[in-house]
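# Residue-level structure breakdown
Okay, here's what each chain looks like letter by letter:
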Amino acid sequence: MKGSPAQPLCGFSNAVVQILRLHGVEDYRAHDVLQDPDLRQGIKNYSNWPTIPQVYLNGEFVGGCDILLQMHQNGDLVEELKKLGIRSALLDAEKDQDKK
């Protein structure tokens, strides 16, 4: 990502951080590619994906901001997190809404 989760330095990195927060995902690693040009280019070469940020789940490349946003919107992210043993906080939020 560009920047850090506490201080993203581009709108796309910020969007990824916000999506993860919505799902209650706090335990993840982030690397500031702005601090290391070799890392910035290397990750693009590794994934064959031209943009930053890049999201990996359990070491598997998922995509960038646009893909993560799409997965969030269509519910696929909840399912992918579940496969990793992570319960999305959105499921609990839905339960709370149903009680009202």
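You'll find the structure just up there.
This report concerns the structure included in the present document.

Conventions and cut-offs
Every chain's residues receive numbers from 1 upward, in the order its sequence appears when written. At least 70 in pLDDT is required for a residue's local features to be given in this predicted model, at least 80 for side-chain atom pairs to be given and counted, and no such filter applies to totals for whole chains, interfaces and linings, which use all residues. Excluded from the side-chain calculations are hydrogens and water; all other atoms, namely the structure's heavy atoms, are used. Think of it this way: any DSSP run of H or I at least four residues long counts as a helix, any run of E at least two long counts as a strand, and we number them from the N terminus. Each residue is assigned to one of three classes by its accessible area relative to the maximum for its type, calculated with a 1.4 Å probe on protein chains only: buried under 20%, partly exposed between the two thresholds, exposed over 50%. Every residue pair with non-hydrogen atoms within 4.5 Å of one another is taken to be in contact. Each accessible area is a Shrake-Rupley estimate made with a 1.4 Å probe; only the visible protein chains count as cover when residues are assessed. The sign given to each residue is positive for Lys and Arg and negative for Asp and Glu; His and the chain ends receive no count. For charged residues, the charge sits on one atom: NZ in Lys, CZ in Arg, CG in Asp, CD in Glu. The rule for a salt bridge is simple: a side-chain nitrogen of Lys or Arg has to be within 4 Å of a carboxyl oxygen of Asp or Glu.

### Section: the overall build of the protein chain
Summing up its helical and strand segments, the protein chain has five helices and two strands in all. With the C-alpha coordinates of the protein chain rotated into their principal frame, the extents come out at 50 × 25 × 20 Å. A total of 100 residues make up the protein chain; the buried ones form 28% of that total. Within the protein chain, residue pairs in contact and separated by at least 24 positions form 44% of the contacts whose partners lie at least 6 positions apart. With the model as given, the accessible surface of the protein chain reaches about 6800 Å², and the carbon-plus-sulfur share is 48%. Each charge class in the protein chain can be summarised by its mean position, and for the 11 positive and 14 negative side chains these summaries are 2 Å apart.

### Let's talk about unusual backbone geometry
Here Ile-52 and Pro-53 are connected by a cis peptide whose omega angle stands at 10 degrees. Tracing the backbone shows Pro-53 in the loop between α2 (37–47) and β1 (55–57). Phi is positive for Asn-48, close to 60 degrees, though the residue is something other than glycine. Along the chain, Asn-48 turns up in the loop between α2 and β1. In this model, Asn-58 sits at a positive phi of 55 degrees, which is unusual for a non-glycine residue.

### Overview of the pattern of salt bridges
Close approach of charged atoms allows side chains of opposite charge to pair. Enumeration over the complete set of coordinates arrives at two salt bridges. One salt bridge in this structure joins Glu-80 and Lys-83, with 3.0 Å as the shortest N-O distance. A residue pair is termed a helical-turn pair when its members lie 3 or 4 positions apart in one helix, as Glu-80 and Lys-83 do in helix α4 (residues 76–83) at three residues. Given a relative accessible area of 63%, Lys-83 falls into the exposed group. Note that Arg-87 is salt-bridged to Asp-92, the shortest N-O span being 3.0 Å. When its relative accessible area of 35% is taken as the criterion, Asp-92 is described as partly exposed.

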